[in-house]
Amino acid sequence: QAQLVESGGGLVQSAGSLRLSCAANGSIFSSSYAAWYRQAPGKQREWVATITSGGSTNYAYSVKGRLTISRDNAKTTVYLQMNSLKPEDTAVYYCNVITLGRPYWGQGTQVTVSS
């Protein structure tokens, strides 16, 4: 009954790349906003990027130019392409989808960037 299933987290070296995926139940994906958040150890959860149902995007300043959010509406999947990764990108990454005013959260996936 999970509405969001995340994948793609793991270990990567500094300056490396990784792509996170968030597969959503189709019933909650249409006309939805989607976003990625992350939470590093000992820190507050922070917003990373948002994408509208139409594909408009917004990014946190710290990741702009390095991380790219996208969505494939046919696959009902949200992606986070992570390039030029830094150790400070290490965090648990969470997928968030809001449909008809109701939020859905993924379980979180660990991303660790080694120096």
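Data block above holds the structure.
Each value, and the rule that gives it
- Residues numbered from 1 in each chain as written.
- Predicted model: local features only at pLDDT ≥ 70, side-chain atom pairs only at ≥ 80, totals over all residues.
- Heavy atoms only, no water.
- Helix = DSSP H or I, 4+ residues; strand = E, 2+ residues; numbered from the N terminus.
- Contact = heavy atoms within 4.5 Å.
- Polar contact = N/O pair within 3.5 Å; in protein donor to acceptor, adjacent residues only side chain to side chain.
- Pairing = 2+ DSSP bridges.
- Axes fitted to C-alpha atoms, helices over the stretch in contact; angles between N-to-C directions.
- Salt bridge = Lys/Arg side-chain N within 4 Å of Asp/Glu carboxyl O.
- Buried < 20%, exposed > 50% of the residue type's maximum accessible area, 1.4 Å probe, protein only.

J.: Lay out the environment of S27 in plain terms, naming residues and giving numbers.
T.: Among the secondary structure elements, S27 is positioned in helix 1 (residues 26–29). When the C-alpha atoms of S27 and T99 are compared, they prove to be 8.9 Å apart, with 72 residues separating the residues in sequence. Beyond its immediate sequence surroundings of up to four residues, S27 is in contact with Q3 and T99. Of the polar contacts made by the side chain of S27, one reaches the side chain of N25; its length is 2.6 Å.

J.: Help me get a handle on the side chain of T109, residues and values and all.
T.: Locating T109 in the fold gives a position in strand 11 (residues 109–114). A polar contact is formed between the side chain of T109 and the backbone nitrogen of G9, at a distance of 3.4 Å. Setting aside its immediate chain neighbours within four residues, T109 contacts E6, G9, L20, A91, V92 and Y93.

J.: Kindly report on the sheet that holds strand 7 (residues 67–72), identifying the contributing residues and their values.
T.: Taken in spatial order, the four strands of this open sheet run 1-3-8-7, and their pairing is antiparallel. Of all strands in the sheet, those bounded by a partner on one side alone are strand 1 (4–7) and strand 7. Between one strand axis and the next, the sheet turns through 15 degrees on average, direction left out of account. Across six bridges, the pairing between strand 7 and strand 8 (residues 77–82) is antiparallel. Note that in strand 8 the partner of T68 across the bridge is Q81.

J.: With reference to specific residues and values, describe the pattern of salt bridges.
T.: The final tally for this structure, using the stated rule, is three salt bridges. The closest approach of N and O atoms between D89 and R38, which form a salt bridge, is 2.9 Å. In this pair, D89 is assigned in the loop between strand 8 and strand 9 (91–99) and R38 in strand 4 (residues 33–39), connecting sequence segments 51 residues apart. The class for D89 is buried, based on a relative accessible area of 0%. For R38, a relative accessible area of 5% corresponds to the buried category. D89 is the salt-bridge partner of R66, the closest N and O atoms lying 2.7 Å from each other. Of this pair, R66 sits in the loop between strand 6 (57–59) and strand 7 while D89 sits in the loop between strand 8 and strand 9; the two residues are 23 residues apart in sequence, bridging distant segments of the chain. One network of salt bridges, in which partners are shared, links R38, E46, R66 and D89.

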